[in-house]
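These are the residues of each chain, in order.
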Amino acid sequence: EPSLREAMKKYRDKMVTIYKIWYELCKIMMSTKEQDDAAIQKFEDNIKELRRQIHNLIVVDPPLSGDKNPLKLPTKLKWFTLLSDVLVNTLKLWRCIGDVAEESIESFHPRRNK
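Nothing here was measured: the structure is a model prediction, and the numbers come from that model.

> Explain the packing of helix 1 (residues 4–29) against helix 2 (residues 37–60) residue by residue, including any values.
At a closest axis distance of 9 Å, the pairing of helix 1 and helix 2 adopts a crossing angle of 155 degrees. Taken together, the axis directions place helix 1 and helix 2 in an arrangement best described as roughly antiparallel. Helix-helix and strand crossings are classified by hand; for helix 1 and helix 2 the assignment is left-handed. Together, Tyr11, Lys14, Met15, Thr17, Ile18, Ile21, Trp22, Glu24, Leu25, Ile28 and Met29 of helix 1 and Ala39, Lys42, Phe43, Asn46, Ile47, Glu49, Leu50, Gln53, Ile54, Asn56 and Leu57 of helix 2 make up the contact between the two elements. Taken together, the residues of the contact of helix 1 with helix 2 break down into 14 nonpolar, 4 polar and 4 charged.

Written out as structure tokens, the structure is:
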């Protein structure tokens, strides 16, 4: 079993990778500009890589194992929306996700459902 110091270093290193991917995703999610095919493909690749990294962090190679592992896979709907293909499909369809925030999404529903 790794020491707590080693576990924290392992956790930090994995989170640095996750945050780098997250930063790239946020640039597209917060943009109101039309995205080209290359940006859309990069977004899709980054979503897949984020899934892989989170699964690796929590399931495959957690910093602490067994009962000592406090990490759990996210189960909230917002995480599902991000980690599923919903955003990728929306981006492919509209070429823009635009300011992805709860308020924006909720205000979009009535317009889309017309």
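Anyway, onward from the coordinates.
> How would you sum up unusual backbone geometry? Please name residues and give values.
One non-glycine residue, Arg95, adopts positive backbone phi at about 65 degrees. The topology assignment puts Arg95 in the loop between helix 4 (86–94) and helix 5 (102–112).

> Please set out the nonpolar core residue by residue, giving values where relevant.
Leu25, Met29, Phe43, Leu50 and Leu82 are the most contacted members of the largest nonpolar core, which totals 20 residues. Contributions of two or more residues to this core are made by helix 1, helix 2, helix 3 (77–83) and helix 4. In terms of residues, this core owes the most to one element, helix 2, which gives 8 residues.

The rules we used
- Residues numbered from 1 in each chain as written.
- Predicted model: local features only at pLDDT ≥ 70, side-chain atom pairs only at ≥ 80, totals over all residues.
- Heavy atoms only, no water.
- Axes fitted to C-alpha atoms, helices over the stretch in contact; angles between N-to-C directions.
- Helix = DSSP H or I, 4+ residues; strand = E, 2+ residues; numbered from the N terminus.
- Parallel < 35°, antiparallel > 145°, perpendicular 65-115°, else oblique.
- Left-handed = near helix turned anticlockwise from the far one by under 90°.
- Contact = heavy atoms within 4.5 Å.
- Nonpolar A, V, L, I, M, F, W, Y, C, P; charged D, E, K, R; others polar.
- Core = buried A, V, L, I, M, F, W, Y, C linked by side-chain atoms within 4.5 Å.
- Buried < 20%, exposed > 50% of the residue type's maximum accessible area, 1.4 Å probe, protein only.

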